[in-house]
Amino acid sequence: MRLLKKLISAKDGSGSIHLLPDQTEDLWHAYNLLQPPTDRVSSSTYRKVITTSNTGSTTNSKVRTNLTVQVSKVDFDPDVMTVRVSGPNVEESKFVKMGAYHTHTLELGRSFWIEKECWDQIFLDRVDEACHPERDAEVAALVMQAGLAHLCIVTGSITITKAKIEKTIPKKRTGSSNHSKAITKFYEAIYQAIIRDLDFTKIKCLLCASPGYVKDDFHQYMIQQARLRDDRVLLENLDKIILCKASSGHKHALEEVFSNPSILEKMMETKVAKEVTVLNQFMRMLDTNPDKAHFGFNHVQKAHEELAIESLLVTDELFRNSDILTRKKYVQLVESVRKNGGKVYTFSSLHVSGTQLQDFSGVAAILRYPLPDLDQLELDAASSSDDDDSDDDVVPCNNIQESMLPDDVF
């Protein structure tokens, strides 16, 4: 993502940012930056226009024009990596009436403006991350089984499927070579996908995972073919290939790969590994020391009030909440934890680790010290709140015995 212009007020944080997406991941960042219904998006677009001549005949044509829409709906399609922004037109246009609905399709190579009432720190961090992708070391992953393989790019924000290879593999039969021929074609298709879709100048490692010996057989095939063809790209990057186990060739098997401590040690410099490591630490702590691991907003907020949070784990899904007040409370939590020396890890909902965290309400915390009475503290706070809301004319009861006495006792 290229930042073309930034016009943000230092007084209240309102203003606009001009962005140009140049990578597919930039569209995911753009999706996370848009917040209905207060944001506005301006971009060049095509609009179907109907013109009527003096004789009453009508003609249809498509014209290119600049439109600004008030964002009412945002859709992201992870398969084709497109963002569609819908809403009413809010600026005068020669071709489109005020209030008429239009849908912008954000594309690579086409710049757009985003205008917000307040650019909080979460949004600014997202822009900074999008505009400096070199900070996120990329990981490629190949999960495979006989007849099925997924080649993916895994960054700190998203898991992108670059290729899906499917081949029918017949059973081994005595005197028949159909099985070995099908396997060779299958391996060749994967080999070509790696050459075509991976940029080894950016990739730190290629994880090759499968059940059984499928990965080992393919690894030998790849080395043999690279030497026969004198493929310098592969030959110079063979040391980046890491063989590991997975239960299948489906995409969800990546979750097993990233949970392997020995694999994480080999890719520790990547942002992906750091996030998966802290998530695994949280999972282990839930089993071994549950008083130092809490999830759910109320529990995490209470732990923060005790200044006990060492690491805060949140998914970006929480910051896309359509309720502005709900979003603000998560933004305030993140900023406050950082201010008090805690580390904040933001997980992408399109990443396998983010999907896992979403099962724990999307927010969790690892504490500096145990808080065994956190549930009791929350109950005490709730009961005191109920007492404050009660009628002032009623004399409060100090214990259960008094509350069961008849009214004339008082």
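These figures come from a predicted structure and were not determined experimentally.

**Examining the sheet that holds strand 12 (residues 203-210)**
Pairing is mixed across the open sheet formed by 5 strands, whose spatial order is 11-10-9-12-13. Two strands in the sheet have a free side with no partner beyond their single neighbour: strand 11 (159-166) and strand 13 (241-245). For this sheet the average axis-to-axis angle between neighbouring strands, irrespective of direction, equals 20°. Note: strand 12 against strand 13, 5 bridges, orientation parallel. For Cys208, the partnering residue across the bridge sits in strand 13 and is Leu243. Sitting on the sheet, helix 3 (residues 178-197) is in contact with strand 9 (138-145), strand 10 (148-154), strand 11 and strand 12, with an inclination near 150° to strand 11. Of the strands in this sheet, strand 9, strand 12 and strand 13 touch helix 4 (residues 214-228), which is tilted by about 160° from strand 13.

**With respect to unusual backbone geometry**
A cis amide bond links Pro36 to the next residue, Pro37, at an omega of 0°. With phi around 55°, Asp230 is a residue other than glycine that occupies positive phi space. The topology assignment puts Asp230 in the loop between helix 4 and helix 5 (232-235). The backbone of Leu307 sits at a positive phi, close to 55°, despite the residue not being glycine. Along the chain, Leu307 falls in the loop between helix 9 (297-305) and strand 15 (309-315). For Leu307, a relative accessible area of 46% corresponds to the partly exposed category.

**Considering the sheet that holds strand 16 (residues 343-347)**
Ordered in space as 14-17-15-16, the 4 strands form an open sheet in which the pairing is mixed. A strand with exactly one partner marks an edge of an open sheet, and here the two such strands are strand 14 (293-295) and strand 16. Each adjacent strand pair in this sheet contributes to an overall mean axis angle of 15°, direction not counted. Relative to strand 16, strand 15 runs parallel, the two being bridged by 5 bridges. Residue Val314 lies in a different strand from strand 16, and its bridge partner there is Thr346. Taken strand by strand, helix 9 contacts strand 14, strand 15 and strand 17 (363-367), and its axis lies near 35° from that of strand 17. On top of the sheet, helix 10 (residues 324-339) reaches strand 15, strand 16 and strand 17; it is set at about 150° to strand 15, its chief contact.

**A word on the packing of helix 9 against helix 10**
Their axes nearest at 11 Å, the elements helix 9 and helix 10 cross at an angle of 35°. For the pair helix 9 and helix 10, the sense of crossing is left-handed. Here Phe297, Val300, Gln301 and His304 of helix 9 lie close against helix 10, whose contacting residues are Lys329, Tyr330, Leu333, Ser336 and Val337. Among the residues making up the contact of helix 9 with helix 10, the classes are represented as 5 nonpolar, 3 polar and 1 charged.

**What to know about the packing of aromatic side chains**
The description of an aromatic ring pair uses the distance of the two centres, along with the angle that the planes make with each other. For the coordinates displayed, the defined rule picks out 10 aromatic pairs. Ring centres 5.7 Å apart and planes at 90° place the aromatic pair Phe282 and Phe360 in the edge-to-face group. Separated by 78 residues along the polypeptide, Phe282 in helix 8 (residues 271-288) and Phe360 in the loop between helix 11 (352-358) and strand 17 bring together distant segments of the chain. According to the relative accessible area criterion, Phe282 is buried, its value standing at 0%.

Parameters and conventions
Chains are numbered independently. Their residues run from 1 in the order of the written sequence. In keeping with the model being predicted, local features are shown solely for residues with a pLDDT of at least 70 and side-chain atom pairs are shown and tallied solely at 80 or more, while totals for entire chains, interfaces and linings include all residues. With hydrogens and water set aside, each side-chain value is computed from the structure's full complement of heavy atoms. Following DSSP output, two strands are said to pair if at least two bridges run between them. In this description a helix means any DSSP run of H or I spanning at least four residues, a strand means any run of E spanning at least two, and both kinds are numbered starting from the N terminus. Lines fitted to the C-alpha atoms define the axes, with helices restricted to the stretch that makes contact. Angles between their N-to-C directions range from 0 to 180 degrees. It only takes one pair of heavy atoms within 4.5 Å for two residues to be counted as in contact. A simple rule labels every residue: compare its accessible area, found with a 1.4 Å probe on the protein chains alone, to the largest value its type can have, and call it buried under 20%, exposed over 50%, or partly exposed in between. Two helices crossing with the near one rotated counterclockwise from the far one by less than a right angle form a left-handed crossing, whereas a clockwise rotation gives a right-handed crossing. Three residue categories are used. Nonpolar comprises Ala, Val, Leu, Ile, Met, Phe, Trp, Tyr, Cys and Pro, charged comprises Asp, Glu, Lys and Arg, and polar comprises the others, including Gly. Each Phe, Tyr or Trp ring (for Trp, its six-membered ring) is paired with any other whose centre lies within 6.5 Å, and the angle between the two planes then decides the class: stacked below 30 degrees, edge-to-face above 60, tilted in between.

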